[in-house]
Amino acid sequence: MAASSNAEQTQLQDMEEEDAGMEEREMESDEDEEEGMGVENSDEDEEDDSSEDEKENEAEIQRLEEQLSINAFDYNCHVDLIKLLKQEGELFRLRKARQKMSELFPLTEEIWLDWLKDEIRLTEEEPNREKVYELFERAVKDYICPDIWLEYAQYSIGGMGSPGGIDRVRSIFERAVTAVGLHMTKGQMVWEAYREFENAILSTVQPPPGRIPSHEEQEMLKTQLERIHTLFRRQLAIPLMDMEGTYAEYEEWSEHGVPETVMHQYKKALQQMEKCKPFEEALMVAETPKLAEYQAYIDFELKEGDPARIQITFERALSENCLVPDMWAKYTIYLDRQLKFKDLVLSTHERAVRNCPWTMGLWKSYLLALERHGADHQTVSDVFEKALNAGFIQATDYVEIWQAYLDYLRRRVDFSKGEKSSKELEELRAAFSRSLDYMKHDVEERFGESGDPSCIIMQIWARIEALHCKNMQKARELWDSIMTKGNAKYANMWLEYYNLERSYGDSIHCRKALHRAVQCTSDYPEHVCDVLLSFERVEGSLEDWDFAVQKTETRLNRINEQRAKAAEKEANLARQEDERAEQRRKAKVEKKAQKKVQKGTRAGEKRKAEQDDYQDEWNEDAGPKRHRGNADQPTDEYMETETGPFGKATPPGYKPAPPATKKAPQGAAAAPPAHRQNEDNPELRNDNSSVFVSNLAYTLEEPEAKLRTLFETCGPIKQIRPIFTGKGSFRGYGYVQFESPVSVPEALKLDRRDVEGRPVFVSPCVDKNKNPDFKVFKYNTMMEKHKIFISGLPFSCTKEQLAEICKNHGTVKEVRLVTYRSGKPKGLAYVEFADETQASQAVLKLDGIEVEGNKISVAISNPPRRNATDKPGSSRPTGDAMPRQVYGARGKGRTQLSMLPRSLHRQSAPAGKVENGSAADGEPASAAGNAAGEPKQLSNSDFAKMLLNM
């Protein structure tokens, strides 16, 4: 029984273990299923996200392609499209996008290297390497880039096994060292790669150890060794960075040491490198675009006079400043006047206009260079057509480029051959006609003006017809058209036509031209009349003379009448304007006086309970007079008022109490505050070492400490004088005086610095009474062509964001956001660029774009002129009815009322007279008032007499 029970227990345990194992396996399978479902769900989510991203990218790609179909010269749009296509892996569409961009613009080194590496990967599957070679040839023409040349040479080494492969590699290396071997910092790596290649060839030529080389092998070995020797010698003759290491390597490599001639060339190159080293170090520490440093380097090389070094320095500068037209202009001028190599000159001109297509001067120079080097007519015409589509920024640019092309066409015509040159002549005439149509339709529709108000192109055409073609009829037709375009009122235009008739026409048409000029000219009619009379003196009859005199007198009389009427009308308008200004001034004065009366009434009611004693003195029926002071004081009543630079005069009888008797407010210190002491001691001040600080918040706590923190970096501070009201509240401005005037310029640099959310205005401390012409407004009020004005900005836009937007279009020197006095933005800004061309390009690119949902407007900075009365330091005219009032040092407080009746107000008395009457008998005039114009103190009896005499 025991044995059977043990067996049953063992069987039950086995069954329980099996059930537990099955449950565990079921749970594991459930977990696996859940995990599998989770993985499937996550994969589905990733697929959904990737599909959404692909759709968004495809939509963005289509948008960029549409935008480029509208404006193919949008450089940034090309760059964005290439980035998206590369991200999507669309290699064939990417190749097409790069191809289109390279046709319009020279590509940067980074874009070329990315493109070349992608094409090299594709050619691993395609056996044709020639496409990559062609691409490399295009890449090295855009800019002088050592990295691209090195990549080109290394790629060619991969094909050295093909027939002529070694010679091709050597040819590419030779071109590379010619192009970039003089590069001071990067040329060395090209030379070293070249030597490594030749050393690799040397290892294949050398026979194995123990075997005597044949005569042919010996010759090959000798030739190869000479190649390497030559490379060392050529490199050591060029000033390059770390050339000492190259010299040491040559010493170690050469079995016979360094020859004397090589050592001499090396020392000479080392001296040249030491001369260039400061410029190279300046470039290394300078920030992009390093324009000033490159310009100094170029000036140095121009003085040295080595054409190869001048060329490589220009090329280095242009690789980092490819959008600077002035740099391209200087380079092309140097090549045109000094080197004059056709291929180099024309290729550089082509690169210049591809980099800066908006610059008319580069296109004009290109056309002249093509003609100078004998380019065929079709090439010149094609370049001119590209210039017309380049998108110049001024209407006058189109006039100038048309003039350059028409000059070229005129030089093609041989007028001495007569009919044999009819083809070129007809082409010239057709070009003149086309230019006029182009100005009338294309240019005027775009700019609102033709750019040629004086019709210079038509004048040149007329002179050509008259001089070379002897076709005065056509010349006269052209001049008739010129006069109908608003030029008939100008004397110089008529005299130009008269000189043409005088040179190539006849006296009849000369007389007609002068008579028409007398009739139509309005700017200088006297001059035209004198020319007509001089002409008739020489060539006219008596009848012609009498008619000319009569006509000129009639015309001049009419002109004088018109001028008199115009002068009278102008005088009437000026008088009416003066009357309106006087009416506005009087209305303003009356309004101001009413406000003062209302303000005085309210303040008087507020202080009525405290000043009953003053009211009793003015009203005899109010009861017995109340006297202030103790029994020892005189019985004359006085009124406790204060005057200032713009206040009313002190009432007669006023005797100020001594400072010791005045009661200080409860809780106030007996001694006056520091700023009061400074104000009362002008000798402690020094305007030359002080600045005026304003636009501070009235609620600014501890203004003196805040100002000290702000200005302590400018220099030692002698004193800080924040200005307070009579009640002790801060007025929002003050003065900071330094120990030395040297600190003032540094302090002025803190102008517009933000202090607790408000821009602080810092200006020189100048007495406007002594310097009325001093101007505080520091910004230019005239047109600034290197600066742009932006409006419509979102209020959240910062200087950094705006600088980031503008930096793609030029070198941003300064960004200034326009704010209210409270510091809140107005949505306006000024951005200063390095030159006018960059500013003009920024206007073209930025005008109308959206910034955070706001469409901005961009234009060249041209602030409105400021009126004379708005200029700092100017004063508005004041009449005699309201004389300027003089208050005390603190100005007129709101509670400092003048109790003098309005009927007793007088204008400021002349010097030497008492303000409220004559001086007492026997009293000198100087005693009646002090130097500050204070009136003599009168007693109550004197004041009563004045009231009775009214």
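This one's a predicted model, so the numbers in the text were calculated from it and none came from an experiment.

Draft legend 1. Region of interest: the environment of Leu802. Structurally, the position occupied by Leu802 is in helix α30 (residues 799-806). By relative accessible area, Leu802 is classed as buried at 1%. Spatially, the C-alpha atom of Leu802 lies 9.9 Å from that of Ile790, the residues being 12 residues apart in sequence. What Leu802 contacts, discounting residues up to four positions off in sequence, is Ile790, Leu793, Cys797, Val815, Leu817, Ala829 and Val831.

Draft legend 2. Main features of the sheet that holds strand β6 (residues 784-791). The strand order across the open sheet built from four strands is β7-β8-β6-β11, with neighbouring strands paired in antiparallel fashion. Of all strands in the sheet, those with a lone pairing partner are β7 (812-819) and β11 (857-861), marking the two edges. Direction aside, neighbouring strands of the sheet carry axes that sit 25 degrees apart on average. Relative to strand β8 (residues 825-833), β6 runs antiparallel, the two sharing five bridges. Bridged to Lys787 within β8 is Glu832. The sheet strands contacting α30 are β6, β7 and β8, and the helix crosses β7 at an angle near 135 degrees. Here helix α31 (residues 836-846) sits on the sheet and contacts β6, β8 and β11; the angle it forms with β6, its principal contact strand, is near 25 degrees.

Draft legend 3. Molecular detail of the pairing of β7. Strand direction decides the pairing type here: β7 and β8, joined by seven bridges, are antiparallel. Looking at β8, one finds that Val818 is bridged to Leu828. Where β7 folds back onto β8 in an antiparallel hairpin, the turn is made up of five residues, including Gly823, whose phi is positive at roughly 95 degrees.

Draft legend 4. Main features of unusual backbone geometry. The amide bond that connects Thr288 to the next residue, Pro289, takes the cis arrangement and shows omega of 15 degrees. The backbone of Lys290 sits at a positive phi, close to 60 degrees, despite the residue not being glycine. Relative to the elements of secondary structure, Lys290 occurs in the loop between α11 (260-285) and α12 (291-304). Even without glycine at this site, Glu702 takes up a positive phi of about 50 degrees. You can see Glu702 is positioned in the loop between β1 (690-694) and α28 (703-711). On the basis of relative accessible area, Glu702 is assigned to the exposed category, the value being 61%.

Draft legend 5. Expanded view of the sheet that holds strand β5 (residues 758-764). The strand order across the open sheet built from five strands is β2-β3-β1-β5-β4, with neighbouring strands paired in antiparallel fashion. Each edge of the open sheet is held by one strand with a lone partner, namely β2 (717-724) and β4 (753-755). On average, each strand axis in the sheet is tilted by 30 degrees relative to the strand beside it, whichever way the strands run. When β1 meets β5, the two strands line up antiparallel, connected through four bridges. What sits directly across from Ser694, in β5, is Phe761. Running over the sheet, α28 touches β1, β2, β3 (730-738), β4 and β5 and is turned about 140 degrees from β2.

Draft legend 6. How the structure looks around the packing of aromatic side chains. Summed over the entire model, instances satisfying the criterion amount to 32 aromatic pairs. Geometrically, the ring pair formed by Tyr133 and Tyr152 is tilted, given 6.3 Å between the ring centres and 55 degrees between the ring planes. Here Tyr133, found in helix α5 (residues 130-142), pairs with Tyr152, found in helix α6 (residues 146-157); they are 19 residues apart in sequence, far enough to count as distant. Aromatic pair Phe692 and Tyr735: ring centres 5.3 Å apart, planes at 50 degrees, arrangement tilted. Of this pair, Phe692 sits in strand β1 while Tyr735 sits in strand β3; the two residues are 43 residues apart in sequence, bridging distant segments of the chain. Judged by relative accessible area, Phe692 falls into the partly exposed class, the value being 23%. Members of the aromatic cluster, joined through ring pairs, are Phe384, Phe392, Tyr398, Trp402, Tyr405, Tyr408, Tyr438 and Phe447.

What counts, and where the lines are drawn
- Residues numbered from 1 in each chain as written.
- Predicted model: local features only at pLDDT ≥ 70, side-chain atom pairs only at ≥ 80, totals over all residues.
- Heavy atoms only, no water.
- Helix = DSSP H or I, 4+ residues; strand = E, 2+ residues; numbered from the N terminus.
- Buried < 20%, exposed > 50% of the residue type's maximum accessible area, 1.4 Å probe, protein only.
- Contact = heavy atoms within 4.5 Å.
- Pairing = 2+ DSSP bridges.
- Axes fitted to C-alpha atoms, helices over the stretch in contact; angles between N-to-C directions.
- Phe/Tyr/Trp six-rings, centres within 6.5 Å; stacked < 30°, edge-to-face > 60°.

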